[in-house]
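Close look at the chain arrangement
So the chains spell out like this:
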Amino acid sequence: MQLKITKYSALAVLLFVGLPAIAQITVESPYSKFGLGSLKSSALTKSRGMGGIGIGINAPTAISYSNTQNPAAFSSYAITSLEAGMSAKYLNLKKGNQSENSLNGTFNHIAIGFPVTKKSGMSIGLLPYSELGYDYKSTGKIDTLNTAQSFTGEGGITKAYLGYGYKVTDRFRLGASLEYMFGSMIRTRTTEFGDVTALNVRIQEKDNIYGMSLSYGAQYDFDLNPKVKLIIGYAGTVPTKLSSKVSNTITRYTKDTEGNDNPALDTLNIQTSAPNKFKLPLTHGFGFSIQKYNNWVFGADVKVGNWSSLEIGGVNQGLTNTLSVAVGGQWTPDIMAVSGYFNRVDYRLGLVYEKSYVNISNQNINQKSVTVGMGFPLATVNRFTFSKLNFSAELGTRGTLTNNLVKEQFVNFHLGFTLNDRWFTRFKFD
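Residues numbered from 1 in each chain as written. Predicted model: local features only at pLDDT ≥ 70, side-chain atom pairs only at ≥ 80, totals over all residues. Heavy atoms only, no water.

With that out of the way, let us pick up the side chain of Ser-369. The topology assignment puts Ser-369 in strand S18 (residues 363-377). The class of Ser-369 is buried, set by a relative accessible area of 9%. Polar side-chain contacts of Ser-369 include one of 2.8 Å to the side chain of Glu-394. (Helix = DSSP H or I, 4+ residues; strand = E, 2+ residues; numbered from the N terminus. Buried < 20%, exposed > 50% of the residue type's maximum accessible area, 1.4 Å probe, protein only. Polar contact = N/O pair within 3.5 Å; in protein donor to acceptor, adjacent residues only side chain to side chain.)

What follows is the structure, encoded as structure tokens:
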């Protein structure tokens with residue numbers, strides 16, 4: 001049995017189906033209104049099936065892929081690796097006796113990595129950093145008038161990176177990644193009165209964020225026996241300044257007798273004269289893996305972030321420090337099997353615990369999830385080309401019903417395509 005999907009058709013599906021969705025809201029969580037939104041993992045589809053681990057993983061199989069969790073791993077590209085992926089999320093929100101469902105999808109990432117010398121490699125790509133997406137309402141009274149307030153948010157921050165990894169020795173690797181952060185977050189607050197003669201108010205705040213960041217990492221190998229090795233890794237980011245330029249639009253309008261908006265009576269645009277500066281916090285990540293080449297890998301990552309120090313416009317955002325712990329692994333029965341297609345398939349499993357930077361009423365908003373994944377080899381075009389279709393799913397919960405808060409139950413789906421090919425190579429013929 002062979003999966004009859006060519007490398008180009010699989011890539012076309014991901015790019016042309018996924019790219020139109022890149023601007024869609026991909027979360028509908030009230031917790032995304034805090035800080036910079038819901039922080040996103042930089043792990044690609046393959047790693048997500050293993051709980052997103054990768055700080056201590058380096059070239060576990062002959063199929064190269066971009067390990068965006070640690071730039072030290074960029075040093076180990078054997079040939080060029082191209083990756084693209086898209087994601088979808090089913091979300092159920094619960095608060096008291098109320099429940100609401102949503103389904104969103106988006107183009108998730110693209111990354112290209114290639115060897116530079118025998119001891120070094122580079123990677124360039126586009127990854128999500130954070131996402132903003134919420135929509136909720138509240139009702140009350142001002143004097144004798146009934147009022148309805150709605151709060152919505154959309155947007156997020158994207159990370160474009162250029163990374164370089166170098167093998168200092170056969171066992172020791174170092175790497176660094178220069179990253180450009182950019183994006184906009186739009187928050188809208190509307191107050192409407194239960195009277196057609198009353199003036200309603202809509203305030204929209206648009207926050208444009210941009211700036212450079214730097215991440216770095218290291219890995220070291222130990223031989224446990226001739227076929228099994230232990231890899232330990234470290235990855236971190238330095239505190240770096242970003243710029244935030246805010247503009248506000250205030251609109252006043254009335255409603256007709258059927259509840260539809262009448263044309264705006266007046267609109268006031270207010271824009272800050274100069275960007276605010278704020279620092280992304282210091283983060284650390286430690287990980288390890290034990291792996292048998294082309295057969296199996298098991299590992300774990302621990303990450304911490306000093307988000308309690310985040311200030312925007314000189315105002316502390318009231319966040320807490322983050323902590324995430326992930327364990328996972330991959331097993332490939334027989335990567336070189338001539339017969340029995342499913343012997344060449346990768347099988348992945350992982351567990352994740354995350355303490356987010358959101359704390360409400362002294363209640364931490366934590367996330368717990370289990371991940372599964374599979375990597376399907378595609379038909380080989382020639383002896384220099386290898387490709388895989390990767391799928392992963394994450395089932396989990398975030399938040400709590402305690403103190404009248406919101407509990408989220410979600411299923412995240414990720415579909416990714418990996419292509420290995422000999423690019424940037426000059427062939428010699430006798």
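Moving on, we come to the layout of surface pockets. Counted as a void, the largest pocket has a volume near 610 Å³. Taken together, 22 residues make up the lining of the largest pocket; nearest its centre are Pro-30, Leu-93, Lys-95, Tyr-136 and Val-406. Secondary-structure elements contributing two or more residues to the lining of the largest pocket are strand S2 (80-95), strand S3 (98-117) and strand S4 (120-142). Counting residues per element, the lining of the largest pocket draws most heavily on S4, at 4 residues. Considering only residue class, the lining of the largest pocket consists of 9 nonpolar, 6 polar and 7 charged. (1 Å grid on protein atoms, 1.4 Å probe; cavity = no way out; pocket = protein on both sides within 12 Å on 5 of 7 lines; lining within 4 Å. Points joined across faces, edges and corners; volume = space filled by probe spheres on them. Nonpolar A, V, L, I, M, F, W, Y, C, P; charged D, E, K, R; others polar.)

Overall, the coordinates contain 14 aromatic pairs when judged by the stated rule. Between the aromatic rings of Phe-74 and Tyr-77, the centroid separation amounts to 6.3 Å while the plane-to-plane angle is 10°, which identifies the pairing as stacked. Residue classification places Phe-74 among the buried residues on the basis of a relative accessible area of 2%. Taken together through their ring pairs, the aromatic side chains of Phe-74, Tyr-77 and Tyr-161 make up a single cluster. Sitting over the ring of Phe-34, Lys-33 keeps its end group 5.8 Å from the ring centre. The cationic tip of Lys-33 hangs over the ring face of Phe-151; the distance from NZ or CZ to the ring centre is 6.0 Å. (Phe/Tyr/Trp six-rings, centres within 6.5 Å; stacked < 30°, edge-to-face > 60°. Lys NZ or Arg CZ within 6 Å of the ring centre and 35° of its normal.)

By secondary structure assignment, the location of Ser-29 is in the loop between helix H1 (7-18) and strand S1 (38-39). Separated by 109 residues in the primary sequence, Ser-29 and Ser-138 place their C-alpha atoms 16 Å from one another. In this structure, Ser-29 is in contact with Leu-91, Gly-133, Tyr-134, Arg-398 and Glu-408, ignoring residues within four places of it in sequence. (Contact = heavy atoms within 4.5 Å.)

The share of residues in the protein with pLDDT of 70 or more is 90%, and the mean pLDDT across the chain is 88. Between residues 1-26, whose pLDDT stays under 50, and residues either more than four places distant or in other chains, the model counts 64 contacts. (pLDDT = per-residue confidence, 0-100.)

Take unusual backbone geometry next. Positive phi, close to 60°, is recorded for Asn-403, a residue that is not glycine. Residue position: Asn-403 is located in the loop between strand S19 (386-399) and strand S20 (407-421). Taking the relative accessible area as the measure of exposure, Asn-403 reaches 48% and is therefore partly exposed. Positive phi, normally seen in glycine, also occurs at Asn-404, with a value near 60°. Within the fold, Asn-404 resides in the loop between S19 and S20.

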